[in-house]
Amino acid sequence: MHILLVRFSSMGDVVLQTATINWLRALLGPEAKFTFVTAQEFVSLLDTHPEVNHVIGFDRRKGEKWKDLVKKIDDLDNKEPIDLILDLHATLRSFRLKLTYWNIPALTVDKRRWERFLLTKIKSVKLKRLFNSKFFGLETQVERILKDFEGVFGDTRAKRRTVDFRKGPHQELTSLSELPVYPIPGEYVVLAPSASFLYKRWPVESFVELAKKLLEETPYHYVILAGPDDKFCEVFKEIQSDRLHNLQGKTSLKQSMSVLAHAKLCIGNDSGMNHIAEAYGVPCLTLFGPTDPKFGFAPHGSNSRFISKEMFCKPCSTTGKTPCYRDKLYCMLDISVDEVRTNALEMMK
Ligand code: SF4
């Protein structure tokens with residue numbers, strides 16, 4: 001069986017879908033083929049994953065057109081006919097793909113959109129709790145997806161249902177030796193202060209304060225990981241320490257994955273970096289702002305933790321994209337440096 005899995009974005013969601021692939025592999029055996037369709041910038045998350053046979057990237061940033069994507073899929077379909085489309089995104093774009101290949105059976109994930117939307121509309125903490133107890137546990141999004149698909153595939157015995165990059169060769173990437181600091185001279189903690197949307201970021205000043213305290217109180221090195229556009233990370237230069245390594249904008253996605261794979265701990269927002277770290281079995285401390293861990297993106301590792309403040313306005317959007325409508329970003333500002341520091345120190349023990 002050849003399955004085409006579709007999830008264009010975002011980084012964290014693509015990482016989480018490796019659980020679906022691992023589960024399908026356990027269920028369908030080594031003969032099954034899996035092709036993943038995603039945005040070009042996320043191809044390197046999966047192109048060396050041992051259970052993924054092909055990755056097809058859609059490079060809209062470089063002007064690739066829909067017909068280019070269809071051609072790539074057609075070429076593959078001609079060589080290895082596709083039997084099933086698993087739409088893990090459930091957006092207009094993935095709908096268009098299913099429509100293009102109307103003759104191939106398709107299954108679409110239920111993203112609990114209505115439940116999530118309704119949760120953003122309830123403005124009472126008590127009612128939110130009641131709503132959550134009815135519709136959301138602390139089940140991960142992946143567990144929900146697999147529960148839905150279990151019924152279709154008719155087999156619940158397959159065990160490998162975790163997000164896991166550890167079997168992949170990412171950790172041996174030679175490009176790691178091209179990093180500005182390589183090897184990082186000692187055990188290190190990753191600080192990941194970025195996120196896909198501005199409102200999902202714990203203030204960078206708080207990260208700076210946290211780094212200063214942890215540098216004083218622990219013997220570890222601290223590595224800042226963020227993308228090329230995250231110039232706000234320049235503020236870390238006020239810390240004069242040879243144990244702080246600011247790699248913002250200096251690593252490719254693959255190199256960032258390698259750095260995360262070897263970390264002792266990752267502290268970051270509800271973002272892709274934390275999901276990647278967890279996929280390597282690295283404990284994560286995740287800070288939630290306008291999104292809610294109940295949406296299914298809380299860290300799942302037994303040594304991971306999250307901090308999320310209950311308040312009437314939270315969650316205010318399903319993705320964290322919507323601008324804050326209050327005078328301050330209370331959901332993030334209420335998370336104190338000391339609370340993060342205490343949790344981090346406990347997790348480092
Ligand atoms: S403070 Fe409330 S309204 Fe503002 S971003 Fe956070 S959750 Fe949304």
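Residues numbered from 1 in each chain as written. Predicted model: local features only at pLDDT ≥ 70, side-chain atom pairs only at ≥ 80, totals over all residues. Heavy atoms only, no water.

Looking at an unreviewed UniProt entry, one finds the protein named Glycosyltransferase family 9 protein, with Peredibacter starrii as its source organism.

Draft legend 1. Focus on the sheet that holds strand β5 (residues 106–108). With parallel pairing, the five strands of this open sheet are ordered in space as β3-β2-β1-β4-β5. Both edges of this open sheet fall to β3 (54–58) and β5, since each of them pairs with a single strand only. Taking each pair of neighbouring strands and ignoring which way they run, the sheet shows an average axis angle of 20 degrees. With four bridges connecting them, strand β1 (residues 2–6) and strand β4 (residues 84–87) associate as parallel partners. Among the inter-strand pairings, Val 6 is bridged to a residue of β4, identified as Asp 87. With respect to the sheet, helix α4 (residues 66–79) is in contact with β1, β2 (33–39) and β3, its orientation differing from that of β3 by roughly 165 degrees. (Pairing = 2+ DSSP bridges. Helix = DSSP H or I, 4+ residues; strand = E, 2+ residues; numbered from the N terminus. Axes fitted to C-alpha atoms, helices over the stretch in contact; angles between N-to-C directions. Contact = heavy atoms within 4.5 Å.)

Draft legend 2. Molecular detail of the site of the ligand. Around the ligand lies a shell formed by Pro 290, Cys 313, Lys 314, Cys 316, Cys 324, Tyr 325, Arg 326, Lys 328, Leu 329, Tyr 330 and Cys 331. Looking at the shell around the ligand residue by residue, the classes come out as eight nonpolar, no polar and three charged. (Near = heavy atom within 4 Å. Nonpolar A, V, L, I, M, F, W, Y, C, P; charged D, E, K, R; others polar.)

Draft legend 3. A look at the nonpolar core. Leu 5, Leu 45, Phe 149, Phe 153, Val 190 and Ile 276 are the most contacted members of the largest nonpolar core, which totals 57 residues. Residues from two domains meet in this core; each of domain 1 (2–109) and domain 2 (175–348) gives at least three. Residues Tyr 220, Cys 313, Met 332 and Met 347 belong to the second largest nonpolar core, which totals 34 residues. (Core = buried A, V, L, I, M, F, W, Y, C linked by side-chain atoms within 4.5 Å. Buried < 20%, exposed > 50% of the residue type's maximum accessible area, 1.4 Å probe, protein only. Domains from an automatic or database assignment.)

Draft legend 4. Representation of the pattern of salt bridges within the structure. Applying the stated criterion to the full structure yields 17 salt bridges. Residue Asp 75 is joined to Lys 71 by a salt bridge in which the shortest nitrogen-to-oxygen separation is 2.9 Å. Of this pair, Asp 75 and Lys 71 are both found in helix α4, four residues apart, which corresponds to roughly one turn of the helix. Given a relative accessible area of 33%, Asp 75 falls into the partly exposed group. Glu 339 serves as the salt-bridge partner of Lys 309, at 2.8 Å between the closest nitrogen and oxygen. Residue Lys 309 is found in the loop between β11 (305–308) and α12 (330–333), and its partner Glu 339 is found in helix α13 (residues 337–348); the two are separated by 30 residues along the sequence. Note on Lys 309: relative accessible area 23%, which makes it partly exposed. On the accessibility criterion, Glu 339 (27% relative accessible area) is partly exposed. (Salt bridge = Lys/Arg side-chain N within 4 Å of Asp/Glu carboxyl O.)

Draft legend 5. A look at the layout of surface pockets. Its volume calculated, the largest pocket comes out at about 1600 Å³. Residue assignment for the lining of the largest pocket shows that the elements contributing at least two residues are α1 (11–16), α6 (113–121), α10 (253–261) and α11 (272–279). Ranked by residues supplied to the lining of the largest pocket, first place goes to α6 with four residues. Each residue belonging to the lining of the largest pocket can be placed in one class, and the counts come to 15 nonpolar, 18 polar and twelve charged. Composition of the lining of the largest pocket by domain shows at least three residues from each of domain 1 (2–109) and domain 2 (175–348). (1 Å grid on protein atoms, 1.4 Å probe; cavity = no way out; pocket = protein on both sides within 12 Å on 5 of 7 lines; lining within 4 Å. Points joined across faces, edges and corners; volume = space filled by probe spheres on them.)

Draft legend 6. Fine view of unusual backbone geometry. In the segment running from Ser 9 into Ser 10, the intervening peptide bond is cis, with an omega of -10 degrees. By secondary structure assignment, the location of Ser 10 is in the loop between β1 and α1. Residues Lys 314 and Pro 315 are joined by a peptide bond in cis, for which omega reads 0 degrees. Mapped onto the fold, Pro 315 is located in the loop between β11 and α12. At Ala 90, a position not held by glycine, the phi torsion is positive, near 55 degrees. Inspection of the secondary structure assignment puts Ala 90 in the loop between β4 and α5 (92–100). Judged by its relative accessible area of 14%, Ala 90 is buried.

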